[in-house]
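Here's the letter readout for the chains.
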Amino acid sequence: MIRIASSPDLLPEARVAAIEAALRPLADAGRAVQMKAYLLNRFDFLGLPAPVRRAAVLGLIRPPPTDAGVLLAVARLLWAKSEREFRYTAIDLLRRHVRMLDVAHLPELRELLQRDPWWETVDGLSAVIGALLRVAVKRDPAASAVMDAWIADADFWVRRAAMLHQLGWRLETDEVRLARHALQLAGEREFFIRKAIGWALRDYARWNPDFVRAFVDAQRAVLSKLSVREACRHLT
């Protein structure tokens, strides 16, 4: 497999063109049909498994862009491509260089999140947003307050991102916000919201099972069965 090297000072258009040149020759039409079907035929694919895609563009996303503006410009250009693998590459790029971003860039990340959203891109960007905020709250504990607005947003994908933003925070998780957000969304019937509540609680249960167990026991009457089942998946 040929890997194309990149330079930090490449213009966004040049970097995206290099990524496209690295990925398109590897396209697998048969696998693309399967991947499209997996997402209910909503989106187009090149047909590249994640390991193949990531290996092909590693040299292109590893060098840091010159600044956050360039980083986000590359992400936007990749997002504009029709095949989903370009968005996954944008997410990998953002995650690798997330320390270049701060709370001021959340509106631009949200804009990407709401373009042709489905669970895989929303969850990928939620991880970027979570990593950004995890760093930000160490400087300013109030940085996560923006998620209190997102949790009440009219778009359920934005609400899902807010519910999931603390995934992986371990014992740095804000328990008060986790519980409040879960209860705020508990009455929703949307599958992706109910699943997100359970996922967020299950993730924190790895580090504080007593808190999650007590929360679920106290709120079992308002949480959906799906949320409870997911939250308790690893609890004994």
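Look up a bit, the structure's there.
The structure presented is a predicted model; accordingly, all values stated were derived computationally and were not measured. Here the residue numbers are simple positions, counted from 1 along each chain's written sequence. Totals for whole chains, interfaces and linings use every residue, but because this is a predicted model, local features are given only for residues with pLDDT of at least 70 and side-chain atom pairs only at 80 or more, for both listing and counting. Side-chain descriptors were evaluated using all non-hydrogen atoms of the structure, hydrogens and water having been removed beforehand.

Here the focus is the overall build of the protein chain. Each helix corresponds to a stretch of at least 4 residues labelled H or I by DSSP, and each strand to a stretch of at least 2 residues labelled E; elements are numbered beginning at the N terminus. Each helix and strand in the protein chain was counted, giving 13 helices and zero strands. What you see in the protein chain, going N to C, is helices and strands ordered as α-α-α-α-α-α-α-α-α-α-α-α-α. The size measure is the radius of gyration over C-alpha atoms, and the globule rule it meets is 2.2 Å times the number of residues to the 0.38 power. Relative to the globule expectation of 18 Å for 236 residues, the C-alpha radius of gyration of the protein chain, 19 Å, shows essentially globular dimensions. Once the C-alpha set of the protein chain is aligned to its principal axes, its extents read approximately 55 × 45 × 35 Å. Think of it in three bands: with a 1.4 Å probe and only protein chains considered, a residue is buried below 20% of the maximum accessible area for its type, exposed above 50%, and partly exposed in between. Each of the 236 residues in the protein chain was classed as buried or not, and the buried ones make up 50%. Pairs at least 24 residues apart make up 70% of the contacts formed inside the protein chain by residues separated by at least 6 positions. Accessible areas in this description were obtained via Shrake-Rupley with a 1.4 Å probe; residue shielding takes into account the shown protein chains only. Summed over all atoms, the accessible surface of the protein chain reaches about 11200 Å², with 55% contributed by carbon and sulfur. The charge count includes Lys and Arg as positive and Asp and Glu as negative, but it does not include His or the ends of the chains. To locate a charge, take NZ of a lysine, CZ of an arginine, CG of an aspartate or CD of a glutamate. Side chains of the protein chain carry 36 positive and 28 negative charges; the gap between the two charge centres is 5 Å. It only takes one pair of heavy atoms within 4.5 Å for two residues to be counted as in contact.

Attention shifts here to the pattern of salt bridges. One speaks of a salt bridge when a side-chain nitrogen belonging to Lys or Arg is within 4 Å of a carboxyl oxygen belonging to Asp or Glu. The full count for this structure, using the stated rule, is 22 salt bridges. For arginine 110, the salt bridge goes to aspartate 153, with nearest N and O atoms at 2.6 Å. In this pair, arginine 110 is assigned in helix α6 (residues 106-113) and aspartate 153 in the loop between α8 (146-150) and α9 (156-164), connecting sequence segments 43 residues apart. On the accessibility criterion, arginine 110 (23% relative accessible area) is partly exposed. We classify aspartate 153 as buried; its relative accessible area is 15%. Between arginine 177 and aspartate 174 there is a salt bridge whose closest N-O contact spans 3.0 Å. Three or more residues joined by partner-sharing salt bridges are found here, namely Glu20, Arg24, Lys81 and Glu83.

Bringing the side chain of serine 144 into the picture now. Mapped onto the fold, serine 144 is located in the loop between α7 (119-139) and α8. For serine 144, a relative accessible area of 3% gives the class buried. Setting aside residues no more than four positions away along its own chain, serine 144 makes contact with Leu133, Val137, His165, Trp169 and Arg177.

With that out of the way, let us pick up the environment of serine 126. With respect to the helices and strands, the residue serine 126 is situated in helix α7. Given the relative accessible area of 3%, serine 126 is considered buried. Separated by 40 residues in the primary sequence, serine 126 and glutamine 166 place their C-alpha atoms 9.0 Å from one another.

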